[in-house]
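Coordinate inspection notes
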Amino acid sequence: ITFSCKHLSLNIFAKVLMSRKSPPKNYSYHRKASHAGSWYSDDGEELHEQLGKWLENVDTKNLSFPPLSSKHKSENLPRFRAIIAPHAGLSYSGPTAAYAYAHLDPIHVKRIFVLGPSHHVYLDGCAVSVASHLVTPLGDLKVDEQITDDLLGTGKFQTISQDVDEDEHSIEMHLPFVKRRMGTRAFTVVAIMVGSTTEESDREYGSILAPYLSDPSNFFIVSSDFCHWGAKFRFQPHDKKHGAVHEYIKWLDHLGIGFLESNDIDGFYSYLEEHQNTICGRHPICTFLQAIRYASAETSSGSVGSTPFSITFVKYDQSSKCKGKRDSSVSYASAVISHN
């Protein structure tokens, strides 16, 4: 069976993939690093060095605000509370993702939520990984079983079977960066796969996640690439008034980025509807924006007109510069969400 989701097709296999049963008592498997050796290096030393090089190459001089520094005192609340970052093969997206991960504070963070889209199976709503650990070539990451059980206890989250968990790359591609930044510090991870959500369900999941976003010891990672342009993606619009194809793609992506930086979730929904941009992580992004809306209401006496959260995009790139219909590319963008 083939499902079409705004130009991105998903193959569904005839097997039981998800479960709405009560939370499992045992987290019985280690999620293997299934894309190591192909999408990124499976050699721990090589990967550690590669990630470190990308982080060192982040050009802080051209950022609207710098990442962590020696002036960042441990007694202060963390300024950076979340990031949006790409999930393609690290040789392509790693240098862009590093601009986001340079803002992950290993001193304050105790728990990391990773929200990633589902590329391979149709998922109605959100589901959580019930692995006990998430394996990376740099070391294992422990899943937060208590928080995962709490989310399942709401009755709104499904569980992911091990094979579906390991087939999906959108969460896994962030784990090496997480481990590289956090090092040997103690922390846990909550892995959430976000499927085909509606504006209504985005609000529902956002309200559930908002209290966690309000907790400064938590950090959120929203996994998304931006425009997928080309025949293989069944998406090839081009308005020549914006220049060459790659310049049009940049215009299209930055049009959406403008709504995100303005915290205009309604505008972003309208943008997606009008332009149909193939942002594969649009559902995690929208769910997270709703979490910002609800977390902001909690801290501003119920008003959703203002927010202490600011979204700033710090890096943008494309896998290639498309010039014609035979070309294809994927856009990568990194954003930092700060709390004022």
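Reference entry: report on the structure contained in this document. (Residues numbered from 1 in each chain as written. Predicted model: local features only at pLDDT ≥ 70, side-chain atom pairs only at ≥ 80, totals over all residues. Heavy atoms only, no water.)

1. Remarks on the sheet that holds strand β9 (residues 141–142)
Taken together, three strands build an open sheet; the order of strands is β4-β8-β9 and the sheet is mixed. The strands lining the two open edges of the sheet, one partner per strand, are β4 (30–31) and β9. When β4 meets strand β8 (residues 133–134), the two strands line up parallel, connected through two bridges. By the bridge assignment for β8, arginine 31 is matched with leucine 134. (Pairing = 2+ DSSP bridges. Helix = DSSP H or I, 4+ residues; strand = E, 2+ residues; numbered from the N terminus.)

2. Re helix α1 (residues 44–56)
With 13 residues, α1 extends 18 Å between its outermost C-alpha atoms, agreeing within 8% with the 18 Å of an ideal straight helix rising 1.5 Å per residue. Listed as buried for α1 are Leu47, Leu51, Gly52, Trp54 and Leu55. Down the axis of α1, the buried side of the element spans an arc of 160 degrees, and every buried residue falls inside it. Set apart from the buried face of α1 by more than 90 degrees, the exposed residues are Glu45, Glu49, Lys53 and Glu56. The opening residue of α1, the one whose side-chain oxygen lies 3.1 Å from the backbone nitrogen of glutamate 45, is aspartate 43. (Expected span 1.5 Å × (residues − 1). Buried < 20%, exposed > 50% of the residue type's maximum accessible area, 1.4 Å probe, protein only. Arc of directions from axis to C-beta. Polar contact = N/O pair within 3.5 Å; in protein donor to acceptor, adjacent residues only side chain to side chain.)

3. Topic: the pairing of strand β14 (residues 309–318)
Of all 10 residues in β14, seven are buried; the element is thus mostly enclosed. In the sheet, β14 pairs with strand β15 (residues 329–339) via nine bridges, with the strands oriented antiparallel. Looking at the pairing, tyrosine 316 lines up with alanine 333 of β15.

4. Notes on the pattern of salt bridges
Under the counting rule described, the total for this entry stands at six salt bridges. A salt bridge links arginine 31 to glutamate 172, with the nearest nitrogen and oxygen atoms 2.9 Å apart. Linking arginine 31 in strand β4 with glutamate 172 in the loop between α4 (162–167) and α5 (175–182), this pair joins segments that are 141 residues apart in sequence. Among the residues examined, arginine 31 registers a relative accessible area of 3% and is labelled buried. Across the pair glutamate 199 and arginine 203 runs a salt bridge whose closest N-O atoms are separated by 3.5 Å. With glutamate 199 and arginine 203 both in helix α6 (residues 199–214) and four residues apart, the pair spans about one turn of that helix. Taken together, the shared-partner salt bridges connect Arg31, Asp165 and Glu172 into one network. (Salt bridge = Lys/Arg side-chain N within 4 Å of Asp/Glu carboxyl O.)

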